[in-house]
Amino acid sequence: MEETATETLLIDAARRAVAYLAGLNDRPVRPDHAAVAALAQFDEPLPEHSVDPQAVLRLLDELGSPATLAMAGPRFYGFVIGGALPATLAANWLAAAWDQNTALYNVTPATAVLEEVALRWLLDLLGLPGEAAGAFVTGATVANFTALAAARNSALRHAGWNVEADGLFGAPPITVVVGAEAHPTLFKSLGMLGLGRNRVVRLPVDGQGRVRADDLPKLAGPAIVCVQAGNVNTGAFDPFEPICQWAHDEGAWVHVDGAFGLWAAAVPSRVHLTTGMAQADSWATDAHKWLNVPYDCGLAFVREEPALRSAMSITAEYLPTASVQRNPSDYTPELSRRARGVEVWAALRSLGRSGLVEMIERCCRHASRFADGLEAAGYEVLNDVVLNQVLVSFGSPEKTQRVIQDIQDDGTCWAGITGWQGRTAMRISVSSWATTDDDVERSLQAMLRAAGRNS
Ligand SMILES: *Cc1c(COP(=O)(O)O)cnc(C)c1O
């Protein structure tokens, strides 16, 4: 039977994607200068006429693919970024073909059910209260935003104020408490919610970035306390138990930003880091980081379902929302959106509990190997390596900067620069399913060669 033009196109896309992924192991992790320069060819006038979609795909592959950073590959350690498990990439392709507008159960039952199942599995895996509501959003920034909108609703409702109806003008002020090493995007979320990026109480932290629980302030009136599971530099966890105890005694809502650290709760060897975390009121995490699903995918969980629902539901009359089923859009900022829960379901369905535990433990073991290898060579590791994050100084800030640049240029692997409590460091974050022992050894040797060249 002859292929239709659409079939030919989609098969070509799959073939190109497969070739791209197969090439990741041997190409430099950074893109070529020449490939980046060639991106200028995209900058052409808007075409007047239609062209063959296959020619468009060819252009995209020939110009775009070489100019990508190999984030999907096994030796990318920048930011805190996972790859995409094969099962999740495949599920993403199929779900894109379905093209389901995942807002309402009655309209898109398959994707609504998959999200519900994935949520139930997640609450179980992460040790969160079974009654918590959940939302599939674009990432941890929006997950923090979503959970904090629920927190704002609840804090003001207890003070007799309906913030969704009446807004913040004239509302009782909310005290927002954050750790001094909170992620920068948390402040952005607070800003978007009208809670202010700057009008926060900052709790002092220790050398790992953990909130110090020894001198917690009195809180008066509505209050939200934001803590962290996994500092983006050190991987450290706030002491949830004493903080939840104090915050709840003070009548405050506790929110946990666990963009990548929340996953430690699923792993017996790391779960001690999260002691007391389940006592919080809301949690945010990413699936596109450590669960290794494609972008974009984050999750918000809220213990008090009505608080999230009041903050997010629409109830416009023309929409068939009367369903007794769970409508995804009652929990998210978006109405129309892609079915991002499908990849989460595929990740969990394919890994199972033991596969997830093994993947997280493997990343942590790789991080420890990096730390040991760098320390053995005489370089200073600045953090306690409790998870998948390693901060290393190669000497002075200038030298550390030069070594990082050299490592990136060399292309064997990629790690980025960061500042940590006044020091300049390279941050190695091992978050990809694809990284092997051999990748770690190759990367470590490349780092040590670069450090040697710049001494
Ligand atoms: C990555 C990260 C974020 C932001 O997540 P996005 O998915 O990029 O929006 C927030 N908090 C922490 C601790 C993070 O590591």
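Residues numbered from 1 in each chain as written. Predicted model: local features only at pLDDT ≥ 70, side-chain atom pairs only at ≥ 80, totals over all residues. Heavy atoms only, no water.

## Here we look at unusual backbone geometry
Geometrically, the link from Tyr295 to Asp296 is a cis peptide bond, its omega value of -10° lying close to zero. Along the polypeptide, Asp296 turns up in the loop between strand S6 (282-286) and strand S7 (298-302). With phi around 45°, Phe79 is a residue other than glycine that occupies positive phi space. Secondary-structure assignment places Phe79 in the loop between helix H3 (53-64) and helix H4 (86-98). Positive phi outside glycine occurs at Asp99, with the angle close to 50°. Position of Asp99 relative to the elements: it lies in the loop between H4 and helix H5 (109-125). (Helix = DSSP H or I, 4+ residues; strand = E, 2+ residues; numbered from the N terminus.)

## Comments concerning a nonpolar patch on the surface
Together, Val36, Leu39, Phe42, Leu59 and Leu60 make up an exposed nonpolar region whose accessible area comes to about 390 Å². Relative to the helices and strands, Leu60 resides in helix H3. (Patch = residues over 30% accessible without salt bridge, like charges linked within 9 Å, V, L, I, M, F, W, Y side chains within 5 Å. Areas by Shrake-Rupley, 256 points an atom, 1.4 Å probe, with all protein chains shown as cover. Salt bridge = Lys/Arg side-chain N within 4 Å of Asp/Glu carboxyl O.)

## Concerning the domain arrangement of the protein chain
How large an interface is tends to be reported as the accessible area lost when its parts come together. You can read the domains of the protein chain as domain 1 (5-68) and domain 2 (91-347). Each of domain 1 and domain 2 has a C-alpha centre, and these two points are 36 Å apart. (Domains from an automatic or database assignment.)

## Some thoughts on the sheet that holds strand S11 (residues 423-429)
Sheet strands associate in pairs through backbone hydrogen bonding, adopting either a parallel or an antiparallel arrangement. Pairing is antiparallel in the open sheet, where 4 strands are placed in the order S8-S9-S11-S10. Edge positions in the sheet fall to strand S8 (380-381) and strand S10 (416-420), since each has one partner strand and no second. Against the sheet, helix H11 (residues 341-376) touches S8, strand S9 (389-393) and S11, its axis set at about 15° to S9. Of the strands in this sheet, S9, S10 and S11 are in contact with helix H12 (residues 397-410), which crosses S11 at around 30°. (Pairing = 2+ DSSP bridges. Contact = heavy atoms within 4.5 Å. Axes fitted to C-alpha atoms, helices over the stretch in contact; angles between N-to-C directions.)

## Digging into the packing of aromatic side chains
Taken as a whole and assessed by the stated rule, the structure comprises 4 aromatic pairs. An angle of 20° between the planes, with centres 5.3 Å apart, marks the rings of Phe76 and Trp414 as stacked. Residue Phe76 is located in the loop between H3 and H4, and its partner Trp414 is located in the loop between H12 and S10; the two are separated by 338 residues in the primary sequence. Members of the aromatic cluster, connected to one another through ring pairs, are Phe76, Phe79 and Trp414. (Phe/Tyr/Trp six-rings, centres within 6.5 Å; stacked < 30°, edge-to-face > 60°.)

## What about helix H8 (residues 184-192)?
Taken residue by residue, H8 has Leu186, Phe187, Ser189 and Leu190 as its buried positions. When H8 is viewed along its axis, its buried side chains cluster within an angular range of 155° and face the same direction. The inward-facing, buried residues of H8 abut helix H6 (140-158), strand S2 (175-179), strand S3 (201-203), strand S4 (223-228) and strand S5 (253-257). (Buried < 20%, exposed > 50% of the residue type's maximum accessible area, 1.4 Å probe, protein only. Arc of directions from axis to C-beta.)

## Quick word on the pattern of salt bridges
According to the stated counting rule, one finds 23 salt bridges in the structure shown. For Asp61, the salt bridge identified is with Arg16, shortest N-O distance 2.8 Å. Of the two residues, Asp61 sits in helix H3 while Arg16 sits in helix H1 (residues 5-23), which places them 45 residues apart along the sequence. A salt bridge links Asp32 to Arg30, with the nearest nitrogen and oxygen atoms 3.5 Å apart. Here Arg30 falls in the partly exposed class, since its relative accessible area comes to 22%. Among the ionic contacts, a cluster of salt bridges with common partners joins Asp12, Arg15, Arg16 and Asp61.

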